[in-house]
Structure formats: C-alpha cells, structure tokens
Amino acid sequence: MLKSEQIRLLKELMGHLDEDTNVDAGGMRRNPTEVYVCPELAAKEWRHFFRDHAQVIGLGADLPEPGSFVTLSDFGVPILATRDADGTFHAFLNICRHRGAIVENDPRGKRSRFSCPFHAWTYSNRGDLVVVPKEHHFGKIDKQCRGLILLPAVEQYGFLWVHPNPEGEIDAEKLLGGLAPEFESWDFTRFARVGEDTYDMELNWKLAMDTFGETYHFSTIHRNSLALTFYGNAQCYDTFGRNHRMTLCMKGIDTLRGQPEESWDINVGAFPVYYLFPNVQVNMGGRGMILLRVYPDPERPGRSISRVTFYARKELVEAHGDGVLGGFQTFADVIRDEDYVAASSCQKAAEAGMQDHVLFGRNEPALHHYHNTYREALGMEPLELIDP
C-alpha cells in the first residue's frame with residue numbers, strides 16, 4: 001500500500017478513536033431475511049455469481065513451481081489447474097475426453113502428466129492428450145482434438161482466476177475495480193502457502209460474508225480474542241466498484257502516536273480486509289495474508305463451505321517452518337468458532353420465518369454495500385436508505 005494511503009488511513013482511525021466516531025453509511029437499511037433462505041434466489045445467485053462468473057481460486061503460491069497442480073469443484077465444475085514447465089498457469093475441465101471420468105482426484109501435488117483412472121487416457125499439464133492405451137484396438141482418433149477442455153485462466157496481481165465457462169472471459173482490471181495498483185503494491189509473490197482449513201457450516205453464504213462487514217461485534221463476540229488486540233467500533237471504509245476495503249483498527253496504533261508519519265506502518269496500527277465480489281475476503285497482516293472464499297450449497301440455501309488458505313512471507317517460512325502457521329490458525333479459528341457460530345444462529349432465526357427483515361446500522365457500511373451489490377447484479381431494487 002502506498003505510504004500516503006497508509007498515513008491517511010491511520011490518521012482517520014486515530015481521529016475516530018479520539019472523537020469516539022466511526023464510519024457512517026448515512027442511514028440504516030432493512031435487509032429482508034428471505035435473502036438467506038429463498039431457494040429461487042439461491043438458484044439465481046449460483047448461476048450468476050458462481051457458474052457464470054470468474055472465480056479466484058488462490059494465489060500464485062498455490063502453484064509454487066513448474067509441475068504443480070490443484071483440483072477443485074467448489075463452484076459446480078471439476079477443475080484441474082496446472083503450472084507447466086515454462087511456469088504458465090492453465091486451467092481445464094478435470095474430465096476425461098473418453099468417457100467423462102474425473103481425471104485427477106488428488107487435491108494438489110506435482111506431476112507433468114495426468115492419467116485417467118478409468119482407462120488410462122493420459123494428458124500433459126498443458127492439457128494435451130498424449131497416451132491412448134491400445135489405440136489400435138480402440139480406433140484411430142485425432143489426439144489434437146481430444147485434449148482436456150481449456151478454461152479461461154489468468155494469473156495477475158498475484159491471484160489465480162478461472163472462469164468455469166469455457167466461453168467465459170476474464171478481465172482482471174475490471175474485476176478488481178480500481179484495486180489493481182494497491183494489490184500490486186502488496187507484492188503477493190513474496191508469500192508462500194502454509195496451510196488451509198475448510199468450514200462446512202449451516203449458514204447461508206451471504207451470512208458468512210456478513211460476518212466480515214463490521215467491527216461493531218468485537219467487544220461482545222470477540223471480547224476474549226480479537227478485542228484484546230483490536231479496537232472495535234473504529235474502522236475506515238472505501239469502495240472500489242463492486243469491491244471494498246475495510247481497514248480495522250489495531251491497538252498497536254497507539255505506538256505510532258508521536259512518531260514521524262513517514263515511519264508509520266499500516267500493519268502496526270491497522271488490519272486491511274479486502275472484499276472481492278462476490279465471495280472473497282483478503283485479510284492482510286504483518287506476517288502474511290489469509291484468503292477466504294465462501295461457496296453456497298446450490299441445493300440448500302442454509303449451508304455454505306468456506307475455504308480458508310494461509311500465506312506467510314517466505315522469509316518467515318524459511319526461518320520458522322511449520323511454526324509460522326500458529327497465528328494464522330488462531331485467527332481462522334475465531335472466524336469458525338465465534339463469527340460463524342453467531343451467524344449460524346442468525347440462519348436458524350431466518351429459517352423460522354418470524355422476522356421479515358434485519359437492520360444494517362449506520363456504522364455497518366460494508367453490509368449495505370454487500371447486499372446492494374448483490375441486488376444490483378441480479379437486477380433487483382436496492383435496499384432503501386432510512387433515517388438519513
């Protein structure tokens with residue numbers, strides 16, 4: 001992050017602390033509880049936000065060297081992502097061109113060839129069909145026309161994007177909505193992947209995202225965890241098209257007072273959290289970052305899966321090995337055991353159908369932005385601003 005922006009954000013946070021103020025959305029909004037339980041809306045979201053929208057599947061660090069691969073199927077399409085001998089990132093449908101079996105079942109690893117477990121048709125990590133056993137028995141085929149089906153794939157600003165539709169397009173600049181220079185300044189290539197967690201929860205995917213939308217709850221839910229190192233009820237908030245940046249206030253900000261502004265470090269006094277439409281949270285800390293991706297269950301609006309991946313600065317991994325994971329895991333455990341537990345109770349209440357809306361406060365602008373962004377993308381009317 002540019003030094004001038006770090007100083008601006010830290011000054012704004014200090015002002016909130018000194019004056020007992022916070023960000024102000026200009027009013028409140030009522031959000032219908034049906035958006036967390038409606039099967040018809042869930043089907044629209046699945047189609048528009050996941051099956052027909054470019055998806056962040058990780059950082060370049062998830063494919064750390066030539067020959068690396070990962071597989072996933074979180075948005076309804078089995079995908080094989082690879083890095084070839086030249087270091088180029090590719091993504092394919094993880095489906096054999098013979099009988100449609102899944103080609104690679106391991107979640108990640110390193111290999112240059114992938115052999116289908118059904119009949120051993122074999123593909124290179126560039127997607128080429130290279131082996132058809134007993135081809136003289138099977139019948140002559142044009143191997144150049146039977147490679148794995150290529151998916152649009154882009155590696156840019158440290159992220160790996162895949163579009164699940166072979167005819168889809170990926171425009172990283174447009175997807176980031178103005179965040180590209182800031183992400184480039186973070187230099188995500190300096191991170192190494194150190195672990196991952198998965199949370200299968202009884203809550204709508206948007207409720208999972210909502211837990212990242214304010215710090216109003218820190219003094220209650222997190223009173224024995226994050227509230228020990230964060231100031232709740234003080235944050236900065238900036239939007240970038242469909243995306244946003246929340247800058248949370250850490251108690252370390254007090255150590256910056258009296259120091260020259262040019263020496264201020266955003267990671268000492270604050271914790272930037274970026275939201276990338278529709279389902280990604282990027283949490284930036286001094287030692288690295290946590291990437292969280294939330295996926296709905298297309299059959300059950302009240303269930304979602306969160307993939308939480310931890311990345312640490314490479315020099316810390318070299319110095320401490322697996323020991324670097326501890327702090328990341330502690331933070332992620334708070335999400336699972338505190339935020340998501342509270343959100344699951346909100347899901348139960350929504351499913352009971354006894355309350356037709358919830359209220360987003362003036363101090364919760366990210367919640368306003370999340371839901372009006374979803375609604376705009378689906379052609380729905382925005383939530384009305386009340387109590388201006």
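Here, every reference points to the structure presented above.
Given the structure is predicted, the values throughout are model-derived calculations rather than measurements.

A. Expanded view of the packing of aromatic side chains. Counted under the stated rule, the structure contains 24 aromatic pairs. With a centroid separation of 6.3 Å and an interplanar angle of 40°, the aromatic rings of phenylalanine 310 and phenylalanine 328 are classed as tilted. Placement of phenylalanine 310 in strand β18 (residues 300–313) and of phenylalanine 328 in helix α9 (residues 325–352) is noted, with a sequence separation of 18 residues between them. Residue classification places phenylalanine 328 among the buried positions, given a relative accessible area of 6%. An aromatic cluster of three or more residues is present, and its members are Trp46, Phe49, Phe50, Phe75, Trp205, Tyr275, Phe277, Tyr295, Tyr370 and Tyr374.

B. Spotlight on the sheet that holds strand β5 (residues 89–93). Here we have 4 strands laid out as an open sheet, ordered β5-β4-β3-β6, and antiparallel in their pairing. Of all strands in the sheet, those with a lone pairing partner are β5 and β6 (108–110), marking the two edges. Each strand of the sheet is rotated relative to its neighbour by a mean of 20°, with strand direction disregarded. With 4 bridges connecting them, strand β3 (residues 68–72) and strand β4 (residues 79–83) associate as antiparallel partners. In the strand pairing of β4, valine 70 is matched with alanine 81.

C. Structural context of the pairing of strand β13 (residues 230–240). In this structure, β13 lies alongside strand β14 (residues 243–250), joined through 8 bridges in antiparallel fashion. Looking across to β14, one finds that cysteine 236 is bridged to threonine 247.

Definitions and cut-offs
Residues numbered from 1 in each chain as written. Predicted model: local features only at pLDDT ≥ 70, side-chain atom pairs only at ≥ 80, totals over all residues. Heavy atoms only, no water. Phe/Tyr/Trp six-rings, centres within 6.5 Å; stacked < 30°, edge-to-face > 60°. Helix = DSSP H or I, 4+ residues; strand = E, 2+ residues; numbered from the N terminus. Buried < 20%, exposed > 50% of the residue type's maximum accessible area, 1.4 Å probe, protein only. Pairing = 2+ DSSP bridges. Axes fitted to C-alpha atoms, helices over the stretch in contact; angles between N-to-C directions.

Honestly, it's all geometry; don't read function into it.
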